[in-house]
Amino acid sequence: MSAAVVERVRRRVPWSGSRMLALLAAALAIGAPLRTMYYLSDVVGDPTLFLALTGLSLVGATLLARVLRPPLAVGVGAVLFAGGLGAYILNLSTNPAITELLGDTAALLTGRSLLQIAKVRLWVLSFAPAPVFLTWYFALRRWYVTATVAAGTALAFFALTTDAGVVTTLLGVVGIAATVGFGTLDTLSADEPTDLTKRPDAMTGSDGTERADDGGDGIDAGRRAVLEQLAAIIVLPAALSQVPITRDSLLSYDDGSEGQTVEGSLFDAGESLSVRGSISLTPEIRYTVESEEPRYWRVTSYDRYTGNGWVRTGNPIPYDDQRLDSPEGETRTLRQEFRAESTIGTVPAAWKPVRYSGEPSVSVSSEGGFQPDGTLSSGDSYEVRSELLVATPDGLRAAGTDYDDATVELYTQLPDSTPDRVAERTAILTANAENPYETALVVERWLQDSKDYSLEVDRPDFNVADAFLFEMDEGYCVYFATTMVTMLRTQGIPARMTVGYTSGQRIDENQWVVRGLNSHAWVEVYFPGQGWVQFDPTPSGPREEVRQQRIEDASSDGSAPTVGDGNPVEQYTPSDTSTPAPLTETNGTETEPTETPTATESDTPTGTAGESDTDEAAELSLPELPSREEMTLGVVALLGIAAGARRSGLSERAYRAVWLRYQRRVDPETDVERAFQRAMHVLATEHRGRKSGETVRAYLDAIGADDRVRRLATLRERLRYGGEVSEAMADEAVEIADGIVSER
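Let me begin by describing the structure that accompanies this report. Think of each chain on its own: its residues are numbered from 1, step by step along the sequence as written. The model is predicted, so local features are restricted to residues of pLDDT at least 70 and side-chain atom pairs to those at 80 or more, both for listing and for counting; the totals for chains, interfaces and linings are taken over all residues. Each side-chain value is derived from all of the structure's non-hydrogen atoms; neither hydrogens nor water enter the calculation.

## What to know about the overall build of the protein chain
(1) Moving on: Each helix is a run of H or I in the DSSP string that is no shorter than four residues. Each strand is a run of E no shorter than two, and both are numbered from the N terminus. What the protein chain contains, in helices and strands, is 25 helices and 20 strands.
(2) Moving on: Out of the 744 residues in the protein chain, the part that is buried amounts to 49%.
(3) Moving on: We call two residues in contact whenever any of their non-hydrogen atoms come within 4.5 Å of each other. Within the protein chain, counting contacts between residues at least 6 apart in sequence, those at least 24 apart form 73% of the total.
(4) Moving on: Accessible surface is estimated by sampling points in the Shrake-Rupley manner with a 1.4 Å probe; for residues, cover comes only from the protein chains shown. For the protein chain, the accessible area works out to roughly 35,400 Å², and carbon and sulfur atoms hold 55% of it. Partly exposed describes any residue whose relative accessible area lies between the buried limit of under 20% and the exposed limit of over 50%, with all areas from a 1.4 Å probe on protein chains only and scaled to the type maximum.

## Concerning the sheet that holds strand 8 (residues 317-318)
(1) Moving on: Strands sit in the order 8-11-12 across an open sheet of three strands; the sheet is antiparallel. Of all strands in the sheet, those with a lone pairing partner are strand 8 and strand 12 (370-372), marking the two edges.
(2) Moving on: In this structure, strand 8 lies alongside strand 11 (residues 362-364), joined through two bridges in antiparallel fashion. If you follow Pro318 over to strand 11, its bridge partner there is Ser363. Two strands qualify as a pair provided DSSP detects at least 2 bridges between them.

## Topic: unusual backbone geometry
(1) Moving on: Across the junction of Trp351 and Lys352, the peptide omega takes the value 15 degrees, indicating a cis bond.
(2) Moving on: Structurally, Lys352 can be placed in the loop between strand 9 (331-340) and strand 10 (353-358).
(3) Moving on: Following Glu359, the chain continues into Pro360 via a peptide bond in cis, with omega recorded as 0 degrees.
(4) Moving on: The phi angle at Arg142 is positive, at roughly 70 degrees, despite the residue not being glycine.
(5) Moving on: Residue placement: Arg142 occurs in the loop between helix 7 (129-140) and helix 8 (144-160).
(6) Moving on: The backbone of Asp321 shows a phi angle near 70 degrees, a positive value even though the residue is not glycine.
(7) Moving on: Tracing the backbone through its elements, the reader meets Asp321 in the loop between strand 8 and strand 9.

## Description of the environment of Pro393
(1) Moving on: Tracing the backbone shows Pro393 in helix 12 (residues 393-397).
(2) Moving on: Sequence spacing of Pro393 and Glu438 is 45 residues, and the spatial spacing of their C-alpha atoms is 9.1 Å.

## Quick word on the packing of aromatic side chains
(1) Moving on: By convention, a stacked pair of Phe, Tyr or Trp rings (six-membered ring in the case of Trp) has centres within 6.5 Å and planes under 30 degrees apart, an edge-to-face pair has planes over 60 apart, and any other such pair is tilted. Under the defined criterion, the tally for this structure stands at 26 aromatic pairs.
(2) Moving on: Centroid distance Tyr437 to Phe535: 6.3 Å. Interplanar angle 55 degrees. Geometry classified as tilted. A residue pair is termed long-range when its members are at least 10 positions apart, and Tyr437 in helix 15 (residues 436-450) and Phe535 in strand 20 (residues 531-535) qualify at 98 residues. One exposure class covers both Tyr437 and Phe535, and it is buried.
(3) Moving on: Through successive ring pairs, a cluster of aromatic residues spans Tyr287, Trp297, Tyr319, Phe338, Tyr356, Phe370, Tyr382 and Tyr501.

## Some words on the nonpolar core
(1) Moving on: Think of a nonpolar core as a cluster: buried Ala, Val, Leu, Ile, Met, Phe, Trp, Tyr and Cys residues, connected wherever their side-chain atoms sit within 4.5 Å. Membership of the largest hydrophobic core comes to 53 residues, with the highest contact counts inside it found for Tyr476, Met497, Val525 and Phe535.
(2) Moving on: Put simply, the parts of the chain that give this core at least two residues each are helix 15, helix 16 (464-470), helix 17 (477-490), strand 16 (495-501), strand 19 (519-527) and strand 20.
(3) Moving on: Of the residues forming this core, the biggest block, nine residues, is contributed by helix 17.
(4) Moving on: In terms of nonpolar packing, the next biggest core, distinct from the first, is built from 26 residues, Leu712, Leu715, Val725 and Ile740 among them.

## Digging into the packing of helix 15 against helix 17
(1) Moving on: Relative orientation of the contacting elements helix 15 and helix 17 amounts to 145 degrees, with a least axis distance of 10 Å. Relative to helix 17, the crossing made by helix 15 is right-handed. In contact with Thr439, Ala440, Val443, Glu444 and Leu447 of helix 15, helix 17 contributes Phe480, Thr483, Met484, Met487 and Leu488.
(2) Moving on: Classes in brief: Ala, Val, Leu, Ile, Met, Phe, Trp, Tyr, Cys and Pro nonpolar; Asp, Glu, Lys and Arg charged; the others, Gly included, polar. Tallied by class, residues from the contact of helix 15 with helix 17 come to seven nonpolar, two polar and one charged. The axes used here are C-alpha line fits, helices contributing only the stretch in contact, and every angle between their N-to-C directions lies in the interval 0 to 180 degrees. Throughout, a crossing is termed right-handed when the near helix is turned clockwise from the far one, and left-handed when it is turned anticlockwise from it by less than a right angle.

## Examining the pattern of salt bridges
(1) Moving on: A carboxyl oxygen of Asp or Glu within 4 Å of a side-chain nitrogen of Lys or Arg is what we treat as a salt bridge. Considering all chains together, one arrives at 26 salt bridges under this definition.
(2) Moving on: Measuring nitrogen to oxygen at the nearest pair gives 2.5 Å for the salt bridge that ties Asp667 to Arg335. One end of the pair, Asp667, is in the loop between helix 21 (650-661) and helix 22 (668-686); the other, Arg335, is in strand 9, with 332 residues separating them in the sequence.
(3) Moving on: Residue classification places Asp667 among the buried residues on the basis of a relative accessible area of 11%.
(4) Moving on: Given a relative accessible area of 32%, Arg335 falls into the partly exposed group.
(5) Moving on: We note a salt bridge from Asp738 to Arg678, for which the minimum N-O separation is 2.7 Å. You can see Asp738 sitting in helix 25 (residues 727-743) and its partner Arg678 sitting in helix 22, a full 60 residues away along the chain.
(6) Moving on: Given a relative accessible area of 35%, Asp738 falls into the partly exposed group.
(7) Moving on: Among the charged side chains, a salt-bridge network with shared partners connects Arg335, Arg355, Glu383, Arg385, Asp667 and Glu669.

## Here's the deal with the packing of helix 6 (residues 120-127) against helix 7
(1) Moving on: Across the interface, helix 6 lies against helix 7 with an axial gap of 5 Å and an inter-helix angle of 25 degrees. One finds that helix 6 runs roughly parallel with respect to helix 7. Contacts between helix 6 and helix 7 involve Leu125, Ser126 and Phe127 on the former and, on the latter, Pro129, Ala130 and Pro131. With respect to orientation, any angle under 35 degrees is reported as roughly parallel, any angle over 145 as roughly antiparallel, any angle of 65 to 115 as roughly perpendicular, and every other angle as oblique.

Quick look at the structure:
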């Protein structure tokens, strides 16, 4: 071996580790966005295909690094990206799909999470191969800056969408800085300049002769560059660690007490919800509500479970004052008027809202509810008309499992990391359930009976539902609801996590005060032909005790808030914080709320009775009150009669008979809708019910309906798609329905 060759090898030995370190740093740089994409794939399904595509991209880059010229490699990367984009567009359901793609892209670049895109798994599979191939190809070619451009672009994108957390982002930044730093050492030791050695005299003199490695100006410059890059590894992450990368809410619901409030844990996340640890309660008043009955005032629901939180997918659309779709089953109308008592960014309503009027303007979320385009200030008010689902246990038992594919895909999703023991435990608990309704009841009751309510909990490090099911003895509403949804989804039952407020404190005949401490999370389960039905697995008794105690504490320390007129709430009638009726007429587990009056000074007559009052009272012959035994027997008898009527279905038939034969007039729109529902019930009894997905016209043709029914269907169609209807049309609709019912 010649002396020149030996000297050349000797000179290269000190730098032999630089390339290895640069490649490791490049792997870290691309590993940060890959870590994010793996997490996204795991949340929405099995990440095996993602891992396979990533592995193929790395193998392909390794094999082509020696034979493929850089311009052609860029072309390969472009083809991979274009092919993935094309596959993604072809699988979008929106027509035209490019509109949805552009809308999603704009939203992502302004801070929206990829988890809010319905087909996030397909997006990840389409996006991953290109940056992985380009980063590794150029790292092997020693084009380190170009390699970091590919990795850094991917990382920056995920930082913009907030999917890359602080730790992941910092790891990626360290990898990029280290790649450039160690790459500088590697390229300065190479014989030929690469993309980093822009100066042709970096390793040679101006006369073309090779410069010495020991003490040459090129090496000194290289060392300075390396020191600068390695300093950036320390300085840049330290600076970034002081910048909040995750999104913050525009509204704060913290009442100043230690820990996060329940309300804040539900709504500060906006389109996503993270399950937190210990939280507190705030008695601050958010709304006053006028309604004929108490309900759960629903804000929104979340469909995608990440293992440690929830995300709402889909894009909202502007509300154009048109009536939204009612639930699939039979419904009745409820009007509510809300007045904001503080600055707040939600518009609660009883499910299912179909009309909205007021300020601010609203959009319609992908789930079919309302969400404000701005914020409400104290004093702002709005009115909502909701169609409440009227369902029976028998109807829900008979609903079956004929779910459409979109519902199954969206509402049975679980992270691939969900342990198998969750499904196994659920299957054992519900072994005797014969249908999804009974399965939901069993899970709901089991959670209520087996877990305690507490705001003082330690947040689990891993899957929340799994931890609450197997390792925790207590928690608050978010833990109960998350666990129930997860358990149902393991059995293939569509369910979602819903947040909002319980009815609040009753202050008048039809008026309620809703506080921050009334914020709550519950579960909605889907039944074909019926719609979404509410279940609440959180024990109501302990929950209401905690909330009532917080109100009393605020009253005793003088911090109790007031309503819009400045009057303290305590001046009104006693509070009614009982759990309101479910969204159905009955779900077999809850009853209509009953008000328990508390004696006040106004209940007792004031002043002293006169002589005449005493004489009249003495002359009155009052009937003898029944004995305690007689009263007990009477109550037992009444309960037995009520139970027998319920068991036999007599009470349900009685309600149905009244509902069919008597229609109280409300307004033209409500009157036409109810008249149509009455007629459809008669037709379902005489012929058959309308099948899922079957249009009204097709149904009427199939059963051979007469002209009267078709005219009623026309009036209802005009209501739904043509806007307002007149009083005369409503009179005609009710008359037709009355005639059909009377003939039956």
